[in-house]
Amino acid sequence: MSSFLFEQIVNGIITGSVYALVAAGMTMIFGVLRAINFAHGEYYMLGTFAAWWVMSKLMADYSLAIVGGVAIVSVIAVLIGRSVMQRLIGQPFQAGVLATLGLSLILQNVVILAFGGGYKVFSGGWLEPIEMGDFGMSQQRVILVVVTLAVFAGLEWMVRSTRLGRSIRAVSQNIECCQVNGIDVEQVVRRTFLIGVAIAALSGILTGPINVSIYGGMGESITLKTFAVIVMGGMGNVRGTLIAGCLLGVIESLVAGFIGLQYRDSVGFIVLLLMLMFRPHGLFSSKARF
């Protein structure tokens, strides 16, 4: 029982790392735009398909596919950031919801038209096993957790120690004052959006070898899980996102292991409802943003 419990907790942390990585970008975008990016899961999907295309069509190895996939999705992010996201500055919350929902549908259907609606096999990755006593896992899972910690450490350093980070914090607090003081708010929004999308794409590429099968609608479920994570962590709170993502992953894993796999996906929705009912500001104060 103890080894089974340990296995479920480890699997939950790995799953939670995926949620946290994707949620980090979404919560940063929310911080500067005050808008939920309902297309964020599609960038996770685009990253996976971009890496799959680099490997299957260009015959590149997985390491190059990571770089190529992030680069391809970053170019897409630049185009969307300039044409859509920067136009949402100062717009009502409903405008952001409708715009990003529209983007989600467009990106899904573009991928389905380009690659077909069926499942694709994502081959590649670092799948050699690592033994820890009676429990073993692939190197890919360990790398995923390590990359998640490194990304959050890098984000913490960026928002605290760089000019861009200070601009992001300023815009997240008061857009109007930033505009009066000469901060290029549109540029800050574009760069924040690019960082968030690149992180989501990286998450999709790193989880591709773990998921094995990829398909055009795979971004929908990750968007909903990510939304639950940022509500748990506090809207706009990047540090709270890491803890909330791992917590949700562990809870899902325990429910799947001890109650039933069919109940796993309902956990995120139940947690979301409970948080909105009893602690709508999340486990961590929204005042701790960034």
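To start, this report covers the structure provided alongside it.

What counts and what doesn't
Residues numbered from 1 in each chain as written. Predicted model: local features only at pLDDT ≥ 70, side-chain atom pairs only at ≥ 80, totals over all residues. Heavy atoms only, no water. Helix = DSSP H or I, 4+ residues; strand = E, 2+ residues; numbered from the N terminus. Rg over C-alpha atoms; globule rule 2.2 N^0.38 Å. Buried < 20%, exposed > 50% of the residue type's maximum accessible area, 1.4 Å probe, protein only. Contact = heavy atoms within 4.5 Å. Areas by Shrake-Rupley, 256 points an atom, 1.4 Å probe, with all protein chains shown as cover. Lys, Arg positive; Asp, Glu negative; His and termini not counted. Charge placed at Lys NZ, Arg CZ, Asp CG, Glu CD. Core = buried A, V, L, I, M, F, W, Y, C linked by side-chain atoms within 4.5 Å. 1 Å grid on protein atoms, 1.4 Å probe; cavity = no way out; pocket = protein on both sides within 12 Å on 5 of 7 lines; lining within 4 Å. Points joined across faces, edges and corners; volume = space filled by probe spheres on them. Nonpolar A, V, L, I, M, F, W, Y, C, P; charged D, E, K, R; others polar. Patch = residues over 30% accessible without salt bridge, like charges linked within 9 Å, V, L, I, M, F, W, Y side chains within 5 Å. Salt bridge = Lys/Arg side-chain N within 4 Å of Asp/Glu carboxyl O. Axes fitted to C-alpha atoms, helices over the stretch in contact; angles between N-to-C directions. Parallel < 35°, antiparallel > 145°, perpendicular 65-115°, else oblique. Left-handed = near helix turned anticlockwise from the far one by under 90°. Phe/Tyr/Trp six-rings, centres within 6.5 Å; stacked < 30°, edge-to-face > 60°.

1. Regarding the overall build of the chain
Within the chain one finds 11 helices and 4 strands. The C-alpha radius of gyration of the chain comes to 19 Å, within 12% of the 19 Å expected for a compact globule of 290 residues. In the chain, which comprises 290 residues, the proportion classed as buried is 50%. Once local pairs closer than 6 in sequence are excluded, the contacts in the chain between residues at least 24 apart make up 78%. Accessible surface, the chain as shown: approximately 13,400 Å² in total, 65% of it carbon and sulfur. Once the 18 positive and 13 negative side-chain charges of the chain are each reduced to a mean point, those two points are 13 Å apart.

2. A closer look at the environment of I214
You can see I214 is positioned in strand β4 (residues 213–214). With 162 residues separating them along the chain, I214 and W52 place their C-alpha atoms 9.1 Å apart. Sequence-distant contacts of I214, that is, excluding residues within four places in its chain, are made with T48, F49, W52, G118, Y119, K120 and F122.

3. Things to note about the nonpolar core
If you look at the biggest cluster of nonpolar residues, it comprises 84 residues, and the most contacted ones within it are L33, Y43, M85, L155, F193 and L248. With 15 residues, helix α1 (residues 2–33) is the single largest residue contributor to this core. Excluding its chain neighbours within four sequence positions, the residues that come into contact with Y43 are N37, V73, I80, L103, L107, F193, V197, A200 and A201.

4. Overview of the layout of surface pockets
Computed from the structure, the largest pocket encloses a volume of approximately 790 Å³. Looking at the largest pocket, it is lined by 28 residues, and the ones nearest its centre are T15, Y19, N211, K225 and R264. Among the elements of the structure, α1, α5 (139–161), α8 (185–211), α9 (218–233) and α10 (238–258) are those that each provide at least two residues to the lining of the largest pocket. In terms of residues, the lining of the largest pocket owes the most to one element, α1, which gives 7 residues. Residues that form the lining of the largest pocket fall into these classes: 13 nonpolar, 10 polar and 5 charged.

5. A few points about a nonpolar patch on the surface
Taken together, F4, L5, I9, I13, F258, I259 and Y263 make up a surface patch of nonpolar side chains, about 600 Å² in accessible area. For the nonpolar patch, the leading source of residues is α1, giving 4 residues. In this structure, L5 sits in helix α1. Assessed through its relative accessible area of 35%, L5 is described here as partly exposed.

6. Describing the packing of α1 against α10
Where α1 contacts α10, the axes come no closer than 6 Å and their chain directions differ by 140°. Judged by the angle between their axes, α1 and α10 are oblique. The element α1 and its partner α10 pack so that their crossing is right-handed. Along the lines of polarity and charge, the residues of the contact of α1 with α10 split into 16 nonpolar, 11 polar and 1 charged.

7. Points about the packing of aromatic side chains
Under the counting rule described, the total for this entry stands at 9 aromatic pairs. Measuring from centroid to centroid gives 6.2 Å for F49 and W52, while their planes differ by 75°, and the two rings are edge-to-face. Residue F49 and its partner W52 are both found in helix α2 (residues 40–57); the two are separated by 3 residues, about one turn of the helix. Both residues of the pair, F49 and W52, count as buried. A ring pair is formed by Y62 and W126, whose centres lie 4.9 Å apart and whose planes are at 80°; its orientation type is edge-to-face. Here the residue Y62 occupies a position in helix α3 (residues 62–83), and W126 occupies one in the loop between β1 (120–121) and β2 (129–132), the gap between them amounting to 64 residues.

8. Re the pattern of salt bridges
The final tally for this structure, using the stated rule, is 5 salt bridges. R264 is the partner of D265 in a salt bridge, and the nearest nitrogen-oxygen pair spans 3.7 Å. A network of salt bridges, in which partner residues are shared, links K225, E252, R264 and D265.

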